[in-house]
2 protein chains.
Amino acid sequence: MSAITIKMLARELNLAISTVSRALMDSYEISAETKEKVHALARQLNYQPNHYASSLRRQRSKTIAVIIPEISNNFFSHVINGIEAIAQEKNYHVLIYFTHENQQKEAEVIQHLLSGRVDGILMSMAGNTSNIQHLHPIREQGIPIVFFDRICADLDAPTVTTDDFDSSLLATHHLMEVGCKKIAYLSISPHLSIDCKRMQGFQQAIATKNGNVASLLLPCSTDPQRNQELITNMLATEKPDGIFASVEKLAITSYHACASLGLAIPADVKILSFSNLETASLLNPALTTIIQPAHDMGKSAATVLFNMLEKRKTRNWERNTVIRSSMIIRRSTQIAR
Amino acid sequence: MSAITIKMLARELNLAISTVSRALMDSYEISAETKEKVHALARQLNYQPNHYASSLRRQRSKTIAVIIPEISNNFFSHVINGIEAIAQEKNYHVLIYFTHENQQKEAEVIQHLLSGRVDGILMSMAGNTSNIQHLHPIREQGIPIVFFDRICADLDAPTVTTDDFDSSLLATHHLMEVGCKKIAYLSISPHLSIDCKRMQGFQQAIATKNGNVASLLLPCSTDPQRNQELITNMLATEKPDGIFASVEKLAITSYHACASLGLAIPADVKILSFSNLETASLLNPALTTIIQPAHDMGKSAATVLFNMLEKRKTRNWERNTVIRSSMIIRRSTQIAR
DNA sequence: CTGTTAGCGCTTTCAT
DNA sequence: ATGAAAGCGCTAACAG
């Protein structure tokens, strides 16, 4: 009924608890035959070491935490997939926490993890997180942390991001090439590093076209309802022929807004978006999407973290490791081949 | 630097460790002023209880495991979201494991969880899992488990599923209503409960149309490359005018297969699929999708599990709780309104 | 090579 | 109302 312990094995075999323990961890100072006996019984009784006991004793848990704003966004599900793949390889376990874009929640989760519950943290910041007070204890306790995608610029920690500026630049050029004369940039949150960089790339692209192409900026919210109104209104009054959505969600809302106004895509308005919904882009050649290598980002972030965990003693973890996955821009024309 | 413990608080306040412990857990036998002092210091020093120590001592971890085949599938990301929402509410933590549709991996994960690492398990079975030997230890140890979506028919445990049969019936009727005369059902794996029920619903619908509508069955694999060949070949030789894909992936492959043959969708071939890619269906009105209430399923499954955890003593957990979330069928015509 | 012992940090009897 | 002490299951020093 109840789980079987090392003690039971010891009693059964007339050995000391420590001997059994050592045999199980394949210590060099145990005779081959004793090891064999122990392993045999362990297998037979289906022994499984108590993770909490061993985590308490050694001061590491072979567990990492992943903190993300949400998962409804397809991007993060791919990231998690990548993370878990690496974790599995390294025999680590993954605790998952959603902040739902809520700073309060983010702080609570972090607070909890301060107890030594995890060996390391992988984190993508909540949208509205502008102050980072709640992150300091992590640094003080020296818990390794790696930021991905939505990084924390004010903290000297490793980050893994995609090259948002460059991708935006390219993508905006693409919009201009296909004839857009007035492009609206839909911003999701100025506090988000990704939004900033994407906007910068956008603006840079516009600027180099000196005057030929007009641009406008529409700050959106996290409320879909409200966004729909904002975008519809903008479409009606400003009549742009191109939309650059900073995030996928806004592209979809734009899609609906266009539909409600009877605007054809891409004939009347071209919509461009960062996205990880490969499927969506595959199924609808009308959209131009910038596919982010989400799975790879998860793997990269996890790899960086595990490197930190392994080189814990060298104490060089404050060094800033920045990995910029390059991005794949997939255009509608390519897909419709 | 290192995390602060109950012992430190005790020494600082000149109290016994046990007193501090009791104060923190708000025991009735501690004076109000002592409690206040303890709490104050705890707050000040940012004390966080060591989860491993307390999990070891009490025999519960306030942690559950979610075992799913994959997450690239959008369906499961919504499910996880639902699960995490409930877990957060109940102050539980969530460990996540992917089996990658691999029975071997599934067994390993289960094996690990036998150590009392989690209080309960939420699980969706791997596709190729036909034998269930690896699940027995769970039952023997009495670890509460709830299956969702891909349930285990041979095990008497609570399950949460959507009504696949009924949805398939309705969906197939829809295909027939819009004029399909020869419909191909693409099966993903006969070992999967969902595939079976969906096929049954499909066949039932065909059967009631006595002879008017032809049907065929195409068993597919988990290899996209191979599926693409299979489907393209089938389209060329059998020339169906309707496709019922058991899972989203097969719908997308079908989409590509049609494209490669120059077949128009939905003019030449109508594609229907279970899916949770709401976005895909919104973006491409050519597809008919049956949207599954994934988020709700996650919440339901988690709720059932927590009920079991709370009523642990009553030992009535072998009772079979079946929740059939009803499904929402969203048709292309509705979307293109 | 194996056994004895001392904790990891916390909860929980049992005393007082 | 508080303290002393035992112990959850495991690891790791220290003996021998």
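Residues numbered from 1 in each chain as written. Chains lettered and ligands numbered in written order. Predicted model: local features only at pLDDT ≥ 70, side-chain atom pairs only at ≥ 80, totals over all residues. Heavy atoms only, no water.

Let's shift gears to the relation of the copies chain A and chain B. You can overlay chain A on chain B at an RMSD of 0.2 Å; the transform is a turn of 180 degrees with a shift of 0.1 Å along its axis. The superposition of one copy onto the other is thereby described by a two-fold rotation axis. Both copies present the same face, since 98% of the interface residues in chain A are matched by interface residues at the equivalent positions in chain B. (Least-squares fit on C-alpha atoms with pLDDT ≥ 70 in both. Contact = heavy atoms within 4.5 Å.)

Turning our eyes to something else, we now look at the protein's contact with DNA strand C. Every one of the 27 residues lining DNA strand C counts as a neighbour, but A:Ser18, A:Arg57, B:Ile6, B:Tyr47 and B:Arg57 are closest to it. The sugar-phosphate portion of DNA strand C accounts for 55% of its atoms within 4 Å of the protein, the bases making up the rest. B:Ser21 is positioned such that a nitrogen or oxygen atom in its side chain is 3.0 Å from a phosphate oxygen of DNA strand C. Listed by contribution, the elements that provide at least two residues to the surface near DNA strand C are helix 2 (17–24) and helix 4 (51–57) of chain A together with helix 1 (6–13), helix 2 (17–24) and helix 4 (51–57) of chain B. The element best represented in the surface near DNA strand C is helix 2 of chain B, accounting for 4 residues. (Near = heavy atom within 4 Å. Polar contact = N/O pair within 3.5 Å; in protein donor to acceptor, adjacent residues only side chain to side chain. Helix = DSSP H or I, 4+ residues; strand = E, 2+ residues; numbered from the N terminus.)

With that settled, the discussion passes to the pattern of salt bridges. Scanning the entire structure with this criterion turns up 18 salt bridges over all chains. A salt bridge links A:Lys90 to A:Glu310, with the shortest nitrogen-to-oxygen separation between them at 3.5 Å. With A:Lys90 in the loop between helix 5 (74–89) and strand 2 (93–98) and A:Glu310 in helix 13 (residues 294–310), the pair connects residues that are 220 residues apart, well separated along the chain. Residue classification places A:Lys90 among the partly exposed residues on the basis of a relative accessible area of 32%. Residues B:Glu101 and B:Arg150 are paired through a salt bridge, measuring 2.9 Å at the closest nitrogen-oxygen approach. Within this pair, whereas B:Glu101 is found in the loop between strand 2 (93–98) and helix 6 (103–113), its partner B:Arg150 is found in the loop between strand 4 (145–148) and strand 5 (159–162), the two being separated by 49 residues in sequence. (Salt bridge = Lys/Arg side-chain N within 4 Å of Asp/Glu carboxyl O. Buried < 20%, exposed > 50% of the residue type's maximum accessible area, 1.4 Å probe, protein only.)

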